[in-house]
Amino acid sequence: MQILLTKAENSRLVLQIDNAKLAADDFRTKYETELSMRQLVEADTNGLRRILDELTLCKADLEMQVESLKEELLCLKKNHEEEVNNLRCQLGDRLNVEVDAAPPVDLNKILDDMRCQYEALVENNRRDVEAWFNTQTEELNQQVVSSSEQLQCCQTEIIELRRTVNALEIELQAQQSMRNSLESTLGETEARYSSQLSQMQCLITNVEAQLAEIRYDLERQNQEYQLLLDVKARLESEITTYRRLLEGEDCKLPAHPCTMEFKHAIRAPHVSTVPCATTVPCTPVPQVGTQIRTITEEIRDGKVISSRDHVLPRPL
């Protein structure tokens, strides 16, 4: 029973270990997914940062172009004023020409208009670039915030997973130690049961040997008993034969003094043929024959199964 309980406990421990391994694999898969997502977010962030750097460079280039255009405009104004002053100095008051023509073109006004158009265009471009930059910056900030939140969630989840893995490792070590102790207990129990089994086997062997000796003794005693029964039967048959013969001879013998002596001789172990006195004639003694009767009985479990009777004549 204890072995079955131990096997069931081992099966339960193996199932728990498999479940822990599956959970660890799931957590590892989630961690790898989150790590890949984080790497993608970091790559997007780096790309947006590069775009921001490019936009900053573009803005700087545009500002430099605006500055160069302003400087060129100032140079053009300065050159125009110098040329006008030189022309005025060359002409002076010697020439007074009155021309009835269309009003002259005001270059300053044209330049001012061009400057205003360029400035408006630059301002519009700047505003567009600033708006685009602000939108991209806001989107980037939102992505950074979401990425930071996701990163924080991933870090907390990683910490929880590490705690869970540590707890599972501790539980696995405890289960392994328990398994080792149970295996050692099982080995000790099997060794004890095997020793007890060997002792019982030795006892059974000894008992079987004793039973074999007892059976052999019983068979030997049975054979001796059968021999004794055979001897008893033969003796009884011989006694019966002797008794019958003696009784028959007693009836046949005449009544005279030799009778006692003859009866005494018949009762002896052997038949005596002593002659009577010369004065009294005696009747001749008849010869007595004996038979050997053998009765063979087969007895099993205290019951007679078969019986055989064999009679042999024995001469005197």
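Everything numeric here is computed off the predicted structure, so don't read it as measured data.

Here we take up the overall build of the chain. Across its full length, the chain holds three helices and two strands. Order of helices (α) and strands (β) in the chain, N terminus to C terminus: α-α-α-β-β. Here the chain, with 316 residues, has 10% of them falling under the buried criterion. In the chain, the share of contacts with a sequence separation of at least 24, taken over all contacts with a separation of at least 6, comes to 63%. Accessible area of the chain: about 25600 Å², with a carbon and sulfur share of 57%.

Take the state of the cysteines next. One pass over the structure, following the stated rule, counts zero disulfides. We note that C154 lacks a disulfide partner, and the nearest cysteine sulfur, in C153, lies 6.9 Å from it.

Once that is clear, we can look at the UniProt feature "coiled-coil region" (unreviewed entry) in the chain. In the numbering used here, UniProt assigns the "coiled-coil region" (unreviewed entry) feature to residues 52-90 and 151-238. Split by type, residues 52-90 is 100% helix and 0% strand. Its first and last C-alpha atoms lie 56 Å apart.

In this section: a nonpolar patch on the surface. On the surface, a nonpolar cluster with roughly 440 Å² of combined accessible area is contributed by L69, I110, M114, Y118 and L121. A total of four residues in the nonpolar patch trace back to one element, the largest contributor, which is helix α2 (residues 107-252). On the secondary structure map, Y118 appears in helix α2.

Model confidence for the chain is summarised by a mean pLDDT of 77, while 77% of its residues fall at 70 or above. When pLDDT is averaged over each element of the chain, helix α1 (residues 2-91) comes out on top at 86 and helix α3 (residues 258-267) at the bottom at 36. Here residues 253-288 is a poorly scored stretch, pLDDT under 50, and it has 21 contacts once near neighbours within four places are set aside; other chains count.

Attention now moves to the environment of E190. Mapped onto the fold, E190 is located in helix α2. For E190, a relative accessible area of 44% corresponds to the partly exposed category. When the C-alpha positions of E190 and I3 are compared, they lie 9.3 Å apart, and in sequence the two are 187 residues distant.

So, about the side chain of D230. Relative to the elements of secondary structure, D230 occurs in helix α2. No salt bridge is formed by the buried D230. Its closest oppositely charged neighbour is R234, at 5.2 Å. Setting aside its immediate chain neighbours within four residues, D230 contacts I295 and T296.

The next thing to look at is the pattern of salt bridges. Across all of its chains, the model carries nine salt bridges by this definition. For R28, the salt bridge identified is with D25, shortest N-O distance 2.8 Å. Residue R28 and its partner D25 are located together in helix α1, separated by three residues, close to a single helical turn. Classification of R28 by relative accessible area gives partly exposed; the value is 44%. Since its relative accessible area comes to 36%, D25 is described here as partly exposed. Between D217 and R220 there is a salt bridge, with the nearest N and O atoms lying 3.6 Å from each other.

With that out of the way, let us pick up the environment of M114. Looking at the secondary structure, you find M114 in helix α2. Residue M114 is classed as partly exposed on the basis of its relative accessible area of 36%. Considering only alpha carbons, one finds M114 and L73, 41 residues apart in sequence, at a separation of 9.8 Å.

Attention now goes to the environment of N10. Its location among the elements puts N10 in helix α1. Its relative accessible area of 21% is what places N10 among the partly exposed residues. With 169 residues separating them in the primary sequence, N10 and R179 have C-alpha atoms 7.0 Å apart. Setting aside residues up to four positions removed in sequence, N10 forms contacts with R179 and L182.

Criteria and cut-off values
- Residues numbered from 1 in each chain as written.
- Predicted model: local features only at pLDDT ≥ 70, side-chain atom pairs only at ≥ 80, totals over all residues.
- Heavy atoms only, no water.
- Helix = DSSP H or I, 4+ residues; strand = E, 2+ residues; numbered from the N terminus.
- Buried < 20%, exposed > 50% of the residue type's maximum accessible area, 1.4 Å probe, protein only.
- Contact = heavy atoms within 4.5 Å.
- Areas by Shrake-Rupley, 256 points an atom, 1.4 Å probe, with all protein chains shown as cover.
- Disulfide = S-S within 2.5 Å.
- UniProt positions renumbered as here; feature names shortened; annotations may be inferred.
- Patch = residues over 30% accessible without salt bridge, like charges linked within 9 Å, V, L, I, M, F, W, Y side chains within 5 Å.
- Salt bridge = Lys/Arg side-chain N within 4 Å of Asp/Glu carboxyl O.
- pLDDT = per-residue confidence, 0-100.
- Lys, Arg positive; Asp, Glu negative; His and termini not counted.

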